[in-house]
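# Descriptive structure summary
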Amino acid sequence: MKKIIGLILIGMMLLVGCGEKQESKDGTKELTLVLDYTPNTNHTGIYVAKELGYFAEEGIELNIVQPPQDGAPVLVASGKAQVGIDYQDTIAAAYAQDEPLPVTNIAALVQHNTSGIVSLKGNGMDRPKGMEGKKYATWGMEVEQAMIKNVVEKDGGDFSKVQLVPSNYSDIFTGLGNDIDAVWIFYGWDGIAAQVKNVAVDYFAFKDINPVFDYYTPTIIANNEFLKEDPETAKAFLRALKKGYEYSIENPKEAAEILLKDNPELDSALVMASQEYLKDEYISEAKRWGEFDSTRWNNFYAWLFENGLIEKEIPADFGFSNEYLPE
């Protein structure tokens, strides 16, 4: 965790002042959005809003860029990008500082945490206790392993019997068929990929074992100075984005085709199936697209602090805002 914080701070020092929001002669405002990962169906609404002119209608020209090695928060905090995509869990360490990273989560792209543990069907890992004696491919992160420990123990298992091995597979199904027994996935992509590839798997979601793990992932983050200086553009950006995600919910096939048009390297069958799944997850039962529930947000950060996973307590309701969302 300290290594992650150090990388973020170093990146900020290198990049501060490197980029600012620009305005053209016709009043169009140019914004840069940095992704969290390679394009996928979590991002569909962004590409839809750009393709169908929703950003242009709001006077915004949006540039979508790939993340650096340290992720989107570094570029957004520095002002190199005004907005980006990140996750409530991984950004926690950067908030638990005397001088927190100057970014705010302004919209939830998916309303619930869809991550969990997958294994080949029949290997006894349809519930956490079944991970005893099995090889779990870990990223080596404290929060990750603490969550695994929590769900295994809640299910009556012994975490010390879980074999932790380094995760070094780009194709998880190759790994599951060889040197590992279980891996953490986001169901909306890799879980759906199993269906598309006709791979029979067992799966359990973290939030179903412990509700405190129903945190927000992924989210839209924004530079605090940008929010302070130009809140109307931030609101206009989210208005366009809302329309993009609502279109993706109502028209999953057409939305998937737009994502594939901009990213033809993606597996079309996977994109189509994943979009069909995520159309029900973008908003779920929330009152409106993008909204954060303060109780869920605060409960997860309280759990991190209580378990010694962050160095400083994060104040209630810190790090997110619903005020820029359209009604």
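Note that residues are indexed from 1 along each chain, following the sequence as it is written. For a predicted model such as this one, the threshold for reporting local features is a pLDDT of at least 70, and the threshold for listing and counting side-chain atom pairs is 80 or more; totals across whole chains, interfaces and linings nevertheless cover every residue. Heavy atoms from the whole structure form the basis of all side-chain values; hydrogens and water molecules are not counted.

### Some remarks on the overall build of the protein chain
For clarity, the threshold we go by: In DSSP terms, a helix is any run of H or I states spanning at least four residues, a strand is any run of E spanning at least two, and both are numbered starting from the N terminus. We take the radius of gyration over the C-alpha atoms and set the globule estimate at 2.2 Å times the residue count to the 0.38 power. Here the term buried applies to any residue with accessible area under 20% of the maximum for its type, exposed to any over 50%, and partly exposed to those in between, with areas from a 1.4 Å probe on protein chains only. Contact criterion: two residues are considered in contact whenever any of their non-hydrogen atoms come within 4.5 Å of each other. Using a 1.4 Å probe, the Shrake-Rupley method yields the accessible areas, and only the shown protein chains count as cover for residues.
Along the backbone of the protein chain there are 14 helices and 11 strands. For the protein chain, whose C-alpha radius of gyration is 20 Å, the value lies close to the compact-globule estimate of 20 Å for 327 residues. For the protein chain, the C-alpha atoms occupy an extent of roughly 65 × 45 × 35 Å along the three principal directions. Counting the 327 residues in the protein chain, one finds 54% classified as buried. The long-range share in the protein chain, meaning contacts at least 24 apart out of those at least 6 apart in sequence, stands at 80%. For the protein chain, the exposed area adds up to about 14,600 Å²; of that, 48% sits on carbon and sulfur atoms.

### What to know about the pairing of strand 9 (residues 182-186)
Our working definition: Here the rule is simple: two strands pair whenever DSSP picks up at least two bridges between them.
Summarising burial for strand 9: four of the five residues are buried, a large majority. Pairing analysis gives two bridges linking strand 7 (residues 135-138) to strand 9, with the strands arranged parallel. Residue pairing for strand 9: A137 is matched across the bridge by V183.

### What about the domain arrangement of the protein chain?
Put simply, the test is: The source of the domain bounds is an automatic or database domain assignment. Accessible area that two parts lose when put together, with a 1.4 Å probe and added across both, is what the buried area reports. Salt-bridge detection follows one rule: a side-chain nitrogen of Lys or Arg within 4 Å of a carboxyl oxygen of Asp or Glu. We call two N or O atoms a polar contact when they sit within 3.5 Å, provided that within protein one can donate a hydrogen and the other can accept it, with sequence-adjacent residues counted only if both atoms are side-chain atoms. Ten residues, namely Ala, Val, Leu, Ile, Met, Phe, Trp, Tyr, Cys and Pro, are considered nonpolar, four, namely Asp, Glu, Lys and Arg, are considered charged, and the remaining ones, Gly among them, are considered polar.
In terms of domains, the protein chain is made up of domain 1 (29-111 + 216-307) and domain 2 (115-213). Between domain 1 and domain 2, the C-alpha centre-to-centre distance is 26 Å. Roughly 1,300 Å² is buried in total at the junction of domain 1 and domain 2, and carbon and sulfur atoms are behind 84% of that figure. When the buried surface of domain 1 facing domain 2 is broken down by residue, L270, Y277 and W303 rank first, second and third, together holding 44% of it. At the junction of domain 1 with domain 2, the criterion picks out zero salt bridges. Joining domain 1 to domain 2, the criterion identifies one residue pair in polar contact (both at pLDDT 80 or more). For the side of domain 1 that touches domain 2, the elements supplying multiple residues, two or more each, are helix 13 (268-278) and helix 14 (294-306). Per-element accounting of the side of domain 1 that touches domain 2 gives the leading share, six residues, to helix 13. For the side of domain 1 that touches domain 2, the per-class residue count stands at eight nonpolar, six polar and no charged.

### Describing unusual backbone geometry
If a residue is not glycine, its phi is most likely negative; likewise, a peptide bond is most likely trans. For the bond from T217 to P218, the omega torsion is 0°, close enough to zero to count as cis. If you trace the backbone, P218 turns up in the loop between helix 9 (206-209) and strand 11 (219-223). Phi is positive for N198, which is not a glycine, with a value near 60°. At S284, a residue that is not glycine, the phi angle is positive and equals roughly 55°. The topology assignment puts S284 in the loop between helix 13 and helix 14.

### Some words on the pairing of strand 10 (residues 201-205)
The buried fraction of strand 10 is high, at four of five residues. Here strand 6 (residues 115-120) runs beside strand 10; their pairing, made up of five bridges, is antiparallel. By the bridge assignment, L120 is partnered in strand 10 with V201.

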